[in-house]
Amino acid sequence: MKVVFMDIDGVLLPERARFLPGQRMDTPYLCAPQYADPEWPLSTDGRSKWCPVQRKLDPACVSLLRRLVELSGARLVASTSWRTHPAAGKARIENALVEAGFDPRPHWHERWSTPKTFGGARGREINLWLEEAGEVDRWVALDDERELPAPGGLVVNPADGLGLQAYGAALALLDVDDPELAGVGGWPLWTSYGDRGAVRRWLDRAFARGPDSDREIARAVPELIRATDYSPWRHANGPSGF
């Protein structure tokens, strides 16, 4: 099974999205009950209500996420803070994605979100989900936080969100081609400089669990997969040995 861990802020809602027509970056916010809709959720103190999140996601970023999920057949898991916010939750996540052109409902994993931990450490929450799932072969975590687990952690530029470079790296991590992208099927260009099969074997070793796992290789993947030259082939823990 393949899995895509999805963050929203910085990935599908980059900084540039504030310039979308009709954007509501001011939501969510707290207001007095007399000014709130009766269906809006109460705050924890019970004295005010949350105006639900109404932010518009970047349709270009969402389109790339949709292609990634559909081409790879991956299950979708929400790692975003929206999953636990009283003004958001699963329904608001689904609505925001649908409005941007992607219906996630057929693609959710049955355990649709990562567990909530004290302090909300994203990498720890993803690792806990993976440990409990057990049967995941390939996975990618799209996030703008730096502390992500290896080998599938993929840091996205929060200014522009999910773009073609990160999308190509995610395709390689999930071992799938995009037929609309010529040459290497969307994979990073450096993968064409050597044996493509070696890249697959390298990633297989990185994602392996148990006695075949290699932590040094796994730790090298997040940096090397985003390379813009052929340096991964020269790296001691790169694909050349496979």
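For the structure, see preceding data.
Summarised in this report is the structure supplied together with it. (Residues numbered from 1 in each chain as written. Predicted model: local features only at pLDDT ≥ 70, side-chain atom pairs only at ≥ 80, totals over all residues. Heavy atoms only, no water.)

**Quick look at the nonpolar core**
Our working rule: We define the nonpolar core as a collection of buried residues of types Ala, Val, Leu, Ile, Met, Phe, Trp, Tyr and Cys that are connected through side-chain atoms lying within 4.5 Å of one another. Think of it in three bands: with a 1.4 Å probe and only protein chains considered, a residue is buried below 20% of the maximum accessible area for its type, exposed above 50%, and partly exposed in between. Working rule for contacts: check all heavy atoms of both residues, and any pair within 4.5 Å makes them a contact.
Of all hydrophobic cores here, the largest spans 67 residues; its most connected members are Val4, Met6, Leu12, Leu57, Leu65 and Leu142. Once residues within four sequence positions are removed from consideration, Met6 is found in contact with Leu12, Leu65, Leu76, Val77, Ala78, Ser79, Thr80, Ile93, Leu97, Trp108 and Leu142.

**Observations regarding the packing of helix H1 (residues 59–72) against helix H4 (residues 164–173)**
For the record, the criterion: In this description, a line fitted to the C-alpha atoms serves as the axis of each element, helices being fitted only across the stretch in contact, and the angle between N-to-C directions of two axes falls anywhere from 0 to 180 degrees. Here a helix means four or more residues in a row that DSSP labels H or I, a strand means two or more in a row labelled E, and each is numbered from the N terminus. Orientation is classified from the angle alone, with under 35 degrees giving roughly parallel, over 145 giving roughly antiparallel, 65 to 115 giving roughly perpendicular, and any other angle giving oblique. We call Asp, Glu, Lys and Arg charged. Ala, Val, Leu, Ile, Met, Phe, Trp, Tyr, Cys and Pro are nonpolar, and the rest, Gly among them, are polar.
At a closest axis distance of 11 Å, the pairing of H1 and H4 adopts a crossing angle of 10°. What the angle tells us is that H1 and H4 run roughly parallel. Here Leu64, Arg67, Leu68 and Leu71 of H1 lie close against H4, whose contacting residues are Leu164, Tyr167, Ala170 and Leu171. Residues belonging to the contact of H1 with H4 are distributed by class as follows: seven nonpolar, no polar and one charged.

**Re the side chain of Thr191**
In plain terms, the rule: Polar contacts here mean pairs of N or O atoms no more than 3.5 Å apart (in protein, one a potential hydrogen donor and the other a potential acceptor; neighbouring residues in sequence count only if both atoms are side-chain atoms).
Tracing the sequence through the fold places Thr191 in the loop between helix H5 (182–185) and helix H6 (196–207). Take Thr191: its relative accessible area is 1%, and that puts it in the buried class. At 2.7 Å, the side chain of Thr191 forms a polar contact with the backbone oxygen of Pro188. Discounting residues that sit within four places of it in the chain, Thr191 has contacts with Val184, Arg196, Val199 and Trp233.

**Comments concerning the sheet that holds strand E6 (residues 138–143)**
So the rule is basically this: Two strands are counted as paired when DSSP detects at least two bridges linking them.
With parallel pairing, the five strands of this open sheet are ordered in space as E5-E4-E1-E6-E7. Either end of the sheet is taken by a strand with one partner, and the two such strands are strand E5 (108–113) and strand E7 (153–155). Averaged over all pairs of adjacent strands, the angle between strand axes in this sheet comes to 20°, irrespective of strand direction. Examined bridge by bridge, strand E4 (residues 75–78) and E5 share two bridges and lie parallel to one another. In the sheet register, Ala78 faces E5, and the bridge partner there is Ser113.

**With respect to a nonpolar patch on the surface**
As a reminder, the rule being used: Patch criteria: residues need more than 30% relative accessible area and no salt bridge. Like-charged residues are merged within 9 Å; nonpolar side chains of Val, Leu, Ile, Met, Phe, Trp and Tyr are merged within 5 Å. Surface accessibility in these figures is a Shrake-Rupley result with a 1.4 Å probe; residues are shielded only by whichever protein chains are displayed. By salt bridge we mean one thing: a side-chain nitrogen of Lys or Arg within 4 Å of a carboxyl oxygen of Asp or Glu.
A cluster of nonpolar side chains, contributed by Leu189, Tyr193 and Tyr230, occupies part of the molecular surface with about 360 Å² of accessible area. For Tyr193, a relative accessible area of 47% corresponds to the partly exposed category.

Honestly, it's all geometry; don't read function into it.
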